[in-house]
Amino acid sequence: MRWLTIILLALTVISSGAQTEFSVVELNTENLFDTVHDANKDDYEFLPSSSHRWTSYRYWEKLNKIGQEIIACGSDSGGWSLPDVVALCEVENDTVLRDLTKRSVLRKARYDYVMTSSPDIRGIDVAFLFSPFSFGFISSNSFRVRPFKDMRPTRDILYVSGRIITGDTLHFFVVHAPSRSGGELQTRAYRMAVAERLGAAVDSLRRLSPEAHIIVLGDFNDYSTSRAIEYICSHGLVNVSAGAVGTHGAKGTYRYHGEWGSLDQIIVSSSLAPHVVGCRIVDEPFLLEEDKKYGGVKPHRFYIGPRYLGGFSDHLPLKMRLSL
C-alpha cells in the first residue's frame, strides 16, 4: 500500500520553474520484449508459444514493473521528483517503448523517447527517455560498431543531446556492450571494440566543443577497473559510479553466485564531474529478494532462464544527481 501511495504521488509531479537539480537514471530492464516475432530476429524465447510462455499478461506486468522501478528512482533525501532522463538497455523495439511511456503505470510521467535500431541478433536495443518539461531535445544519432571476425553484431551506441533549464547542453551516449557469455577473456575484444568506437565519437564531439558536458552510461558488461572502462575514461572522462552502493544492502548493480558487481556505469566529462552531487544504486526493498543460497539479498528478477519469478530485473538502477 505504501508503494502504491508513493507511485500515485510521483505521477502527479510535473516539473516547473526553479529546478536546482537534474537527475539521470540508467537501467538494464532484463529482456523487455513484446509478444510478436520481429522478422530476422532471434526473439523466439519471448513469444506465447515459447518455454517462457511470454503472454500478453506477462508482457504488461513486466511493463508496469519497469515503470514502478523508474518511479522508485525519484526518491531521494531531498524530496521526490521523477527522473529527468532514463537510459534503458535490453528493450526490443518502438512498440515496447510506446507501451511503456504511453500505456503503462508510467504514462502520466509524459516521457518522450528515442531509441536505436541495431543489428543485434536477438533484436535488443537501447533507449533514452526524457521529460520534455526539463530536457529540451536537440538531436539524436546512432553509432554502429563494426563487428570483426567471430564477433556477432552488437547494439548501436545511442547519442542524444538536449538543453536543460540552466541553458546548458548535455550530450548523452547510451551503451550496451557485448556480454561475457563464453568467457570474459574470450569476449574482451568485443567490448574493447565498443569502447574504441565510443572514444572516437567523444573525441569528435570534443573537437567541436572542447568543454562539452558529456554523460556516457549503460550496461558495459565490464567492471570499473576493466581495460575497456579505463580506455573510455582516458578520453577526458570520469567514472562517477565507481564505488556506488545502495542503501538496503546492494553493493553493485548485479549479483552473480553471491558476488556483487557493477556492470552498469555512469561516466561524465571532467567539465561535468564537479557538478555531480551524488551517484547511487537504487535498491529499494521491493526491488530485492532474499538470496537463499549465498545469503543476503539480490535483485528480484522477472525470470531466471525460462522460470517465471514475477520480479523486476536482474540489474538494479543507477541514479546520478547533477547541480548546474
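All figures in this text were calculated on a predicted structure; none of them were measured in a lab.

Here we come to the overall build of the protein. Helix and strand content of the protein: five helices and 20 strands. Whereas a compact globule of 324 residues would reach a radius of gyration of roughly 20 Å, the protein reaches 19 Å, a difference of no more than 12%. Within the protein, the proportion of its 324 residues that are buried is 56%. Long-range contacts, defined here as pairs at least 24 residues apart, represent 71% of the contacts in the protein between residues at least 6 apart. Here the protein has roughly 14000 Å² of accessible surface; of this, 52% comes from carbon and sulfur atoms. In the protein, 36 positive and 37 negative side-chain charges are present, and the distance between their average locations comes to 2 Å.

Residue Glu90 is not a glycine yet carries a positive backbone phi of 65 degrees. Summarising the element assignment, Glu90 is placed in strand β4 (residues 85–91). Residue classification places Glu90 among the buried residues on the basis of a relative accessible area of 14%. If you check the backbone angles, Asp150 has positive phi at about 75 degrees while not being a glycine. Positionally, Asp150 belongs in the loop between β7 (136–143) and β8 (157–163).

Attention now moves to the side chain of His213. Considering the arrangement of structural elements, one finds His213 in strand β10 (residues 213–219). Separated by 3.1 Å, the side chains of His213 and Ser271 make a polar contact. With residues near it in sequence (within four places) discarded, His213 still touches Asp168, Thr169, Leu170, His171, Ser269, Ser271 and Leu272.

The subject of this paragraph is the pairing of strand β9 (residues 169–176). Counting buried positions over the eight residues of β9 gives seven, a clear majority of the element. Across six bridges, the pairing between β8 and β9 is antiparallel. Looking at the pairing, Val160 lines up with Phe172 of β9. The parallel pair β9 and β10 is bridged by helix α4 (residues 184–208), and the resulting crossover is right-handed.

A few words on the pattern of salt bridges. If you walk through the whole model with that rule in mind, you get 14 salt bridges. A salt bridge links Glu184 to Arg188, with the shortest nitrogen-to-oxygen separation between them at 2.8 Å. With Glu184 and Arg188 both in helix α4, this residue pair falls four residues apart, about one helical turn. On the basis of relative accessible area, Arg188 is assigned to the partly exposed category, the value being 31%. When salt bridges with common partners are traced through the structure, they connect Arg180, Glu184, Arg188, Arg191 and Asp222 into a single cluster.

A few words now on the sheet that holds β7. As summarised here, the arrangement of the six strands in space is β7-β8-β9-β10-β14-β11, forming an open sheet in which the pairing is mixed. Each edge of the sheet is formed by a strand with only one pairing partner; in this case those strands are β7 and β11 (237–239). Mean inter-strand twist for the sheet, computed between neighbouring axes without regard to direction, equals 20 degrees. Where β10 and strand β14 (residues 264–269) come together, five bridges link them in antiparallel fashion. Looking across to β14, one finds that Asp219 is bridged to Asp264. Lying on the sheet, α4 is in contact with β7, β8, β9, β10, β11 and β14; it crosses β9 at an angle near 170 degrees.

The rules behind these values
- Residues numbered from 1 in each chain as written.
- Predicted model: local features only at pLDDT ≥ 70, side-chain atom pairs only at ≥ 80, totals over all residues.
- Heavy atoms only, no water.
- Helix = DSSP H or I, 4+ residues; strand = E, 2+ residues; numbered from the N terminus.
- Rg over C-alpha atoms; globule rule 2.2 N^0.38 Å.
- Buried < 20%, exposed > 50% of the residue type's maximum accessible area, 1.4 Å probe, protein only.
- Contact = heavy atoms within 4.5 Å.
- Areas by Shrake-Rupley, 256 points an atom, 1.4 Å probe, with all protein chains shown as cover.
- Lys, Arg positive; Asp, Glu negative; His and termini not counted.
- Charge placed at Lys NZ, Arg CZ, Asp CG, Glu CD.
- Polar contact = N/O pair within 3.5 Å; in protein donor to acceptor, adjacent residues only side chain to side chain.
- Pairing = 2+ DSSP bridges.
- Right-handed = clockwise from strand over helix to strand, strands pointing away.
- Salt bridge = Lys/Arg side-chain N within 4 Å of Asp/Glu carboxyl O.
- Axes fitted to C-alpha atoms, helices over the stretch in contact; angles between N-to-C directions.

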